[in-house]
Each structure stands twice: as structure tokens, then as C-alpha cells.
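# Structural features, examined
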Amino acid sequence: MLSNSTSQLIEALNLLDVSSEEDLGPSLLALLTTARESSPKIPLSRIAHEIFTADAASLLDPLDTLPVLLPCKDPAAREILSFIGECGSAKETLMAIQEAAERLISSIDKEDEDGDITPLSFPSQLVILVDLYTACAYNILLSTEFFID
């Protein structure tokens, strides 16, 4: 059974094909991915607002969400990442940050196979990763989940 806030999130973002919380995370990720397009059906700022209102950071998998939002120039992307860092799983967020940092390091001075340069510069992405580390550090101190494994 879906919680009231989850049901409201599904309705607000028109994700009517979602029937369980397990389905909601991938649907949100798909919506975040399409929101990066030039004229999305639902803008990233509205998606961010609805995620904050529903307190749904735990529904976003940092390992999947960080690569989608990190290169995005929209300030709402950074807000969502900070929210994940503050309220999501600290352990998963740290693993996602580490993977993103490794990707950035390996891509220094390289272009994509298509010749496209990452939309957000390397230094800007690095600043976001450091901010995300900071956001989830407090969460780690409050949580014992990090030390259980």
C-alpha cells in the first residue's frame, strides 16, 4: 500500500502507471532524465518541488540519479542532489560520489566519442561532488547504517 505522500507524488507528477514504491524510483529517474531535454513535459524544478514535498529522497537511488543530474546546469538538479545527500542513504550516496569522482578523473582532457564536451564543466561538477560529500557527512554522523556493514 502506498503512503499518502507517495500517492500525492505519483498524482502530482502524473505517474499513474506506478502501483508500488518499488516502481516509483525507476519512474522518477526516467522523469528526471527526460526533464533534462530542451522542452520537457515536466520541468526539473517542478519535479524537485514534488520530491521535496513528499520527502521522497529515499526513493531515488544515488548510484543511478547522480550520473543523470551531475552534468545538468539546472539549479534544481543540484537541489535534488543535496536533498539526496542530506536525507537519502549516506552509504549509497558516498559510493555514488566515489564512482562519479572516478569518472571525472578518467575524463579529464577527454571528449566523448561523439566529440561532445560535458555540459557542465569539470570544476563545476567537482564542486557539486564536494558539496554532496558535505551534505551527506552530517547524515553519516546521525546514522548507524554506515557502520553496520
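So, here's what we can say about the structure. Computed from a prediction, not measured in an experiment: that's the story for all the values here.

### Things to note about the overall build of the chain
Helices and strands together make up the secondary structure of the chain, namely eight helices and zero strands. Its helices and strands in sequence order give the chain the pattern α-α-α-α-α-α-α-α, from N to C terminus. In the chain, which comprises 149 residues, the share counted as buried stands at 41%. Considering only contacts within the chain whose residues lie at least 6 apart along the sequence, 69% involve residues at least 24 apart.

### Considerations on the side chain of Thr65
Mapped onto the secondary structure, Thr65 falls in helix 4 (residues 62–69). A residue is classified by how much of its surface remains accessible, and Thr65, at 1% relative accessible area, is buried. Beyond its immediate chain neighbours, meaning those up to four positions away, Thr65 contacts Leu29, Leu32, Leu60 and Ile84.

### Concerning the packing of aromatic side chains
Considering all chains together, one arrives at one aromatic pair under this definition. A centroid spacing of 4.9 Å and a plane angle of 80° characterise the contact between Phe52 and Phe83, whose relative ring orientation is edge-to-face. Here the residue Phe52 occupies a position in helix 3 (residues 44–54), and Phe83 occupies one in helix 5 (residues 75–87), the gap between them amounting to 31 residues. Using a relative accessible area of 29% as the deciding quantity, one classes Phe52 as partly exposed.

### Topic: the nonpolar core
Counting 45 residues, the largest nonpolar core has Leu44 and Leu66 as its most contacted members. For this core, the elements supplying multiple residues, two or more each, are helix 1 (4–12), helix 2 (21–35), helix 3, helix 4, helix 5, helix 6 (90–106) and helix 7 (122–142). Of all the elements, helix 6 adds the most residues to this core, at seven residues. Non-local contacts of Leu44, meaning those with residues more than four positions away in its chain, are made with Leu32, Ala35, Leu69, Cys72, Asp74, Ala76, Ala77 and Ile80.

### Overview of the pattern of salt bridges
Going through the model one piece at a time under the given rule, you end up with one salt bridge. Between Arg78 and Asp131 there is a salt bridge whose closest N-O contact spans 2.0 Å. In this pair, Arg78 sits in helix 5 while Asp131 sits in helix 7, placing the two residues 53 residues apart along the sequence. Classification of Asp131 by relative accessible area gives partly exposed; the value is 32%.

### Here's the deal with the packing of helix 5 against helix 7
Interhelical geometry of helix 5 versus helix 7 gives an angle of 30° and a closest axis separation of 6 Å. With respect to helix 7, the element helix 5 is oriented roughly parallel. Crossing geometry of helix 5 relative to helix 7 is assigned as right-handed. Contacts from Arg78, Leu81, Ser82, Gly85, Glu86 and Cys87 of helix 5 reach helix 7 at Val127, Ile128, Asp131, Leu132, Ala135, Cys136 and Asn139. Tallied by class, residues from the contact of helix 5 with helix 7 come to seven nonpolar, three polar and three charged.

Cut-offs and rules
- Residues numbered from 1 in each chain as written.
- Predicted model: local features only at pLDDT ≥ 70, side-chain atom pairs only at ≥ 80, totals over all residues.
- Heavy atoms only, no water.
- Helix = DSSP H or I, 4+ residues; strand = E, 2+ residues; numbered from the N terminus.
- Buried < 20%, exposed > 50% of the residue type's maximum accessible area, 1.4 Å probe, protein only.
- Contact = heavy atoms within 4.5 Å.
- Phe/Tyr/Trp six-rings, centres within 6.5 Å; stacked < 30°, edge-to-face > 60°.
- Core = buried A, V, L, I, M, F, W, Y, C linked by side-chain atoms within 4.5 Å.
- Salt bridge = Lys/Arg side-chain N within 4 Å of Asp/Glu carboxyl O.
- Axes fitted to C-alpha atoms, helices over the stretch in contact; angles between N-to-C directions.
- Parallel < 35°, antiparallel > 145°, perpendicular 65-115°, else oblique.
- Left-handed = near helix turned anticlockwise from the far one by under 90°.
- Nonpolar A, V, L, I, M, F, W, Y, C, P; charged D, E, K, R; others polar.

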